[in-house]
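Below, each chain spelled out in residue letters.
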Amino acid sequence: MIQFFLMVNKQGQTRLSKYYEHVEINKRTLLETEVIRSGLSRSNEQCSFIEFKDFKLIYRQYATLFIVVGVNDTENEMTIYEFIHNFVEVLDEYFSRVSELDIMFNLDKVHIILDEMVLNGCIVETNRARILAPLLILDKMSES
Amino acid sequence: MALKMVKGSIDRMFDKNLQDLVRGIRNHKEDEAKYISQCIDEIKQELKQDNIAVKANAVCKLTYLQMLGYDISWAAFNIIEVMSASKFTFKRIGYLAASQCFHEGTDVIMLTTNQIRKDLSSPSQYDTGVALTGLSCFVTPDLARDLANDIMTLMSHTKPYIRKKAVLIMYKVFLKYPESLRPAFPRLKEKLEDPDPGVQSAAVNVICELARRNPKNYLSLAPLFFKLMTSSTNNWVLIKIIKLFGALTPLEPRLGKKLIEPLTNLIHSTSAMSLLYECVNTVIAVLISLSSGMPNHSASIQLCVQKLRILIEDSDQNLKYLGLLAMSKILRTHPKSVQAHKDLVLQCLDDKDESIRLRALDLLYGMVSKKNLVEIVKKLMSHVDKAEGTTYRDELLTKIIDICSQCNYQHITNFQWYISVLVELTRLEGTRHGHLIAAQMLDVAIRVKAIRKFAVSQMSALLDSAHLVASSTQRNGICEVLYAAAWICGEFSEHLQEPQQTLEAMLRPKVTTLPGHIQAVYVQNVVKLYASILQQKEQAAEPEAAQDVTQLMVERLPQFVQSADLEVQERASCVLQLVKHIQKLQAKDVPVAEEVSALFAGELNPVAPKAQKKVPVPEGLDLDAWINEPPSDSESEDEKPKAIFHDEEQRHAKQRQPEAEEEELARRREARKQEQANNPFYIKSSPSPQKRYQDMPGVEHIPVVQIDLSVPLKVPGMPVSDQYVKLQEEREHRQRPEKDRRRRKKKDKDKRGKPRRHSSLHTESDEDIAPAQRVDIVTEEMPENALPSDEDDKDPNDPYRALDVDLDRPLADSERLPVQKHRNAETTKSPEKEDVPFVEKKIKKPRKKEKKHREKEREKKEKRKEEKEGEDFDFWLSTAPLPAAAPAPAPVRARESLERTLSPLPLREGARSPGERSEATRTRTETMSGTPRRLRSIRRRSPRRRRRRRDPRTRRSPRRSSLQVKRRQSPWRTARSLTSLSRPCPATASWPRTPTSR
């Protein structure tokens with residue numbers, strides 16, 4: 001099960017955070033700082049899996065953005081690793097060449113995308129067209 | 001363009017939307033906090049307005065601020081207001097905010113029940129979807145109870161989109177409201193065979209999570225899952241199913257036998273690394289659970305190990321890491337097959353990645369044998385020297401100690417070597433694990449009698465050079481070893497060559513800079529040393545020398561008396577008085593040595609933990625009977641005169657005695673145990689103070705086997721452990737002719753039934769190397785009914801415990817999910833409902849009576865089916881595996897065709913299954929390196945393609961996705977490009993975009 005999903009930039013600023021188990025707000029900030037610190041301290045020669053407290057972190061770096069997923073010990077690391085890439089591909093398709101700013105400006109939409117893909121800590125959808133369907137309908141609604 | 005779209009007509013009405021807020025924060029780098037607090041004030045104003053659009057916008061901004069770490073719980077009520085907006089665009093913002101900040105402690109959450117119910121039954125699938133998504137984040141036990149039935153109904157919704165979500169939410173509902181599991185389970189099971197693969201995968205996900213916690217309740221589903229596994233081509237689902245089987249097999253070994261074949265087939269055929277990894281993991285789990293009677297048992301293990309070797313040899317660090325991780329699982333049960341790959345593991349020790357090195361270290365732990373221990377430790381020691389970070393070095397150190405001390409020092413043939421390794425480790429700077437080394441030194445010196453002389457000589461050398469250890473980096477953990485050194489030198493002072501020199505070393509003024517507990521040990525052991533010196537001198541008839549030693553003590557001890565540490569001070573004062581008294585006696589020429597040594601007469605014997613259990617309770621002794629009946633609580637509160645009180649108590653006691661029932665006794669026993677645990681003077685199962693540093697359990701009365709040393713013990717000074725490599729070789733050589741004789745000897749010992757070191761894991765070749773010394777106390781000598789860990793490992797607060805229910809038992813009426821009794825929004829016609837398609841309405845609101853009836857019918861059917869299944873399960877297990885392409889004509893074909901059109905993960909171009917993508921990504925990294933410079937892909941969309949994207953009905957054509965570029969960006973290469981992002985960006989317009997993109 002996925003415990004949390006984070007997008008953090010190199011300066012340690014959170015760009016997206018989603019927790020699938022409730023975490024106190026002040027603990028969140030603390031956790032995010034620790035997570036990004038452990039991510040930043042690694043070079044690209046190192047593997048993308050970190051053992052962190054009682055969960056595993058799986059991260060990927062895209063430009064200055066880190067996507068970090070915390071999972072419990074039963075999750076298959078490789079799946080999550082590929083899921084992250086899938087997620088970025090979907091973002092890329094929707095925003096057509098996504099940037100950090102796109103994510104900040106459209107936080108709510110990124111959340112919709114993520115919610116379509118992950119529910120309750122489980123990966124539910126990986127097909128890009130299906131993930132984007134609700135969002136495109138929404139866009140139409142607000143256009144009209 | 002997208003921004004403009006969002007910036008609809010309404011948006012212009014208020015001054016600041018989310019984009020403005022983000023921009024504002026970026027422009028106020030210096031006074032961010034101030035700017036945000038100003039924004040929050042504005043938001044508060046906006047929330048007071050009646051316009052729902054303004055409110056939604058405010059809540060949207062709050063969500064962003066919440067992400068930045070600001071508490072927005074004060075706006076909970078406003079969030080609920082936005083949630084109940086009729087327009088979906090606003091509603092979703094409300095639900096998003098709620099899912100981010102609501103939790104069980106949010107009190108307004110109970111206000112949402114009806115709103116959520118309304119949304120769940122909304123005609124628009126997206127309303128329902130957003131409510132379900134939100135619910136998954138903030139469901140409380142109350143919400144779960146009230147909404148369980150609604151969600152369960154949604155599990156049979158016409159739209160797979162809703163079914164899928166409803167199925168997944170049920171997992172959260174089960175957790176919060178365990179009573180719902182049994183009523184909902186039949187339907188959940190149905191969903192495993194849902195025509196939509198998405199729903200199927202969701203159901204697999206939920207059952208997997210449930211089964212992982214309480215596997216035995218889900219065993220009956222195994223045939224169904226087996227069918228799914230052999231028929232599904234969706235890797236994500238396969239991974240989940242295989243994981244589930246991993247949880248089930250320990251309970252049913254026959255299942256494991258059945259699984260081996262399809263799993264090995266998968267391992268052979270799949271190109272997806274994630275699937276391969278999962279298969280290997282499950283095969284390992286299966287093999288662990290199986291007894292070794294499997295015919296192709298070793299073949300499967302070999303296959304796994306081979307595949308893992310490929311992973312480990314891969315240049316991708318991720319695969320390497322996973323390979324090592326899985327390898328360590330095999331190691332636990334099949335050490336031999338892993339040991340063949342020692343070269344590979346040693347190679348990984350040189351890897352650049354620390355986490356990979358740590359994994360390799362884990363593996364090494366199980367790979368050592370008597371033969372290679374010295375070599376491996378030598379290699380590790382060289383790594384210790386060049387390790388850059390202290391954390392990694394500490395890890396190495398603990399691993400060295402773990403490796404050497406495992407299974408009661410099973411692999412150590414020469415303890416002199418081990419002591420030298422330990423002494424070498426003390427030269428590490430800045431390690432935290434001094435106490436570990438100290439514990440090992442004490443343990444070895446106490447338990448291996450033959451080594452004491454050597455140990456003492458090493459320890460006295462260590463004490464001599466204590467300034468090196470203690471002063472280099474102050475207060476570091478390594479000075480803990482002095483604790484052990486001082487104790488060993490004191491306790492076994494008879495082995496000291498130059499006791500006087502050691503005594504002086506221990507009385508140096510520098511010692512007072514050590515931590516208190518070490519000084520205390522120093523003081524105590526100084527006396528032991530002193531006693532043995534006195535005896536020596538008196539035997540040699542050198543009274544002057546004896547008096548000199550006393551004088552030295554009298555001069556130096558006051559430095560300890562002044563210590564700030566209470567323990568040191570107290571011990572030193574006592575000792576000082578004692579020595580002064582001795583001095584007086586010595587002045588009168590009275591021989592004192594006898595009496596002083598009597599202070600430390602007798603040998604300290606280590607005792608096994610829980611040895612107390614070995615002492616039988618004498619007959620006729622009831623430990624639970626009161627010796628004096630204690631006054632009851634109420635009586636003790638009375639303020640009567642003492643005499644009367646006493647009398648009464650006795651009377652009471654007489655009355656009460658017959659009442660003391662079993663239950664009461666048990667309670668008292670528990671209380672007594674508690675009391676004992678808290679009583680420091682009660683002899684508990686924990687080791688005695690002398691043994692505090694000793695990890696290994698043992699029992700005092702084990703006959704001690706004295707073995708003649710085959711190595712001379714006189715090795716002066718600090719040895720380098722390397723010399724033992726040579727020594728060992730020599731000894732091996734020498735021992736070969738003696739082998740037979742030793743075997744005979746060993747047999748004799750076996751007959752006498754003397755406990756020897758645990759040898760079940762010894763390989764034949766290992767036996768050839770006889771240990772030079774013996775460990776006295778063995779682990780296996782535990783009291784019969786005591787285990788090293790006696791505690792119950794089940795956590796009573798485990799939320800999954802409540803879900804441990806029998807799922808096959810037919811449902812009782814009382815267990816039915818509460819159905820809402822009052823008419824509510826669901827039945828009152830809302831204006832939106834007018835245009836609901838007929839079919840949906842029908843499905844959504846089956847008349848209650850009808851539904852009940854239907855459910856009953858289903859239940860009966862289910863019951864019958866399950867009974868049948870119970871019998872079938874045994875039959876299924878006992879038969880040979882079904883042919884993989886079991887003809888299940890109609891449904892399978894239907895599913896296949898659906899998969900072709902709908903599959904979330906068709907194995908075609910677009911969304912590749914996990915592993916293949918990884919392959920693609922990896923090869924792409926090699927070929928494309930250097931090309932992509934930014935997060936943005938280099939692909940350019942033609943306007944036509946763009947239009948297509950907006951149309952949800954169009955499927956991607958193969959051509960298009962082949963244009964897609966998969967990137968796995970090197971962070972360093974791209975770092976430059978996006979740094980521009982972090983500088984303030986006045987407007988989006990300045991953000992460079994290709995003209996064609998928007």
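Residues numbered from 1 in each chain as written. Chains lettered and ligands numbered in written order. Predicted model: local features only at pLDDT ≥ 70, side-chain atom pairs only at ≥ 80, totals over all residues. Heavy atoms only, no water.

### Considerations on the confidence of the model for chain B
All names here are of chain B. Here chain B averages 71 in pLDDT, while 62% of its residues score no lower than 70. Confidence over residues 683-719 falls short of pLDDT 50; this stretch has 89 contacts with residues more than four positions distant or in other chains. Low pLDDT, under 50, characterises residues 881-998; the predicted model gives this stretch 221 contacts beyond four residues in sequence or across chains. The complex prediction reports pTM at 0.66, with the ipTM value standing at 0.94. (pLDDT = per-residue confidence, 0-100. Contact = heavy atoms within 4.5 Å.)

### Quick word on the pairing of strand 1 (residues 2-9) of chain A
Within strand 1 of chain A, eight of the eight residues are buried, leaving the element largely enclosed by the surrounding structure. Count of turn residues in the strand 1 of chain A/strand 2 (residues 14-19) of chain A antiparallel hairpin: four residues, of which Gly12 of chain A carries a positive phi of about 85 degrees. (Buried < 20%, exposed > 50% of the residue type's maximum accessible area, 1.4 Å probe, protein only. Helix = DSSP H or I, 4+ residues; strand = E, 2+ residues; numbered from the N terminus. Pairing = 2+ DSSP bridges.)

### Here we look at the packing of aromatic side chains
For the structure on display, the rule yields 18 aromatic pairs over all chains. A centroid spacing of 5.7 Å and a plane angle of 70 degrees characterise the contact between Phe102 of chain B and Phe138 of chain B, whose relative ring orientation is edge-to-face. Here Phe102 of chain B is found in the loop between helix 6 (88-101) and helix 7 (113-120), whereas its partner Phe138 of chain B is found in helix 8 (residues 125-138), with 36 residues between them in sequence. Considered together, Phe102 of chain B and Phe138 of chain B belong to a single accessibility category, that of buried residues. Ring plane angle 90 degrees and centroid distance 5.9 Å describe the contact between Trp487 of chain B and Phe492 of chain B, whose orientation is recorded as edge-to-face. Note on accessibility: Trp487 of chain B and Phe492 of chain B belong to one class, buried. The rings of Phe4, Tyr19, Phe52 and Phe55 of chain A are connected pair by pair, giving a single aromatic cluster. For the cation-ring pair, Lys44 of chain B lies above Trp74 of chain B, with the distance from its terminal atom to the ring centre recorded as 4.8 Å. One Lys or Arg, Arg357 of chain B, reaches over the ring of Tyr392 of chain B and ends 4.2 Å from the middle of that ring. (Phe/Tyr/Trp six-rings, centres within 6.5 Å; stacked < 30°, edge-to-face > 60°. Lys NZ or Arg CZ within 6 Å of the ring centre and 35° of its normal.)

### Let's talk about a negative patch on the surface
On the surface, Glu542, Glu544, Asp548 and Asp589 of chain B cluster together to form a negatively charged patch. Tracing the chain through its elements places Glu542 of chain B in the loop between helix 30 (516-539) and helix 31 (543-556). (Patch = residues over 30% accessible without salt bridge, like charges linked within 9 Å, V, L, I, M, F, W, Y side chains within 5 Å. Areas by Shrake-Rupley, 256 points an atom, 1.4 Å probe, with all protein chains shown as cover. Salt bridge = Lys/Arg side-chain N within 4 Å of Asp/Glu carboxyl O. Lys, Arg positive; Asp, Glu negative; His and termini not counted. Charge placed at Lys NZ, Arg CZ, Asp CG, Glu CD.)

### With respect to the sheet that holds strand 2 of chain A
All names here are of chain A. Spatially, 2-1-5-4-3 is the arrangement adopted by the five strands of the open sheet, whose pairing is antiparallel. With one partner strand each, in any of the chains shown, strand 2 and strand 3 (49-52) form the two edges of the open sheet. Recorded for the sheet is a direction-independent mean angle of 20 degrees between the axes of neighbouring strands. Pairing of strand 1 with strand 2, which is carried by five bridges, proceeds in the antiparallel orientation. By the bridge assignment for strand 2, Val8 is matched with Thr14. Helix-sheet contacts for helix 2 (residues 77-95) involve strand 1, strand 2, strand 3, strand 4 (55-62) and strand 5 (65-71), and the interaxial angle to strand 4 is about 35 degrees. (Axes fitted to C-alpha atoms, helices over the stretch in contact; angles between N-to-C directions.)

### Focus on the environment of Thr74 of chain A
By the secondary structure assignment, Thr74 of chain A is in the loop between strand 5 and helix 2. Through-space distance from the C-alpha of Thr74 of chain A to that of Ile2 of chain A is 9.7 Å; in sequence the pair is 72 residues apart. With residues near it in sequence (within four places) discarded, Thr74 of chain A still touches Met1 of chain A together with Arg212 and Lys243 of chain B.

### Digging into the environment of Thr264 of chain B
Inspection of the secondary structure puts Thr264 of chain B in helix 15 (residues 253-269). For Thr264 of chain B, the contacting residues outside a window of four places in its chain are Ser300 and Leu303 of chain B.

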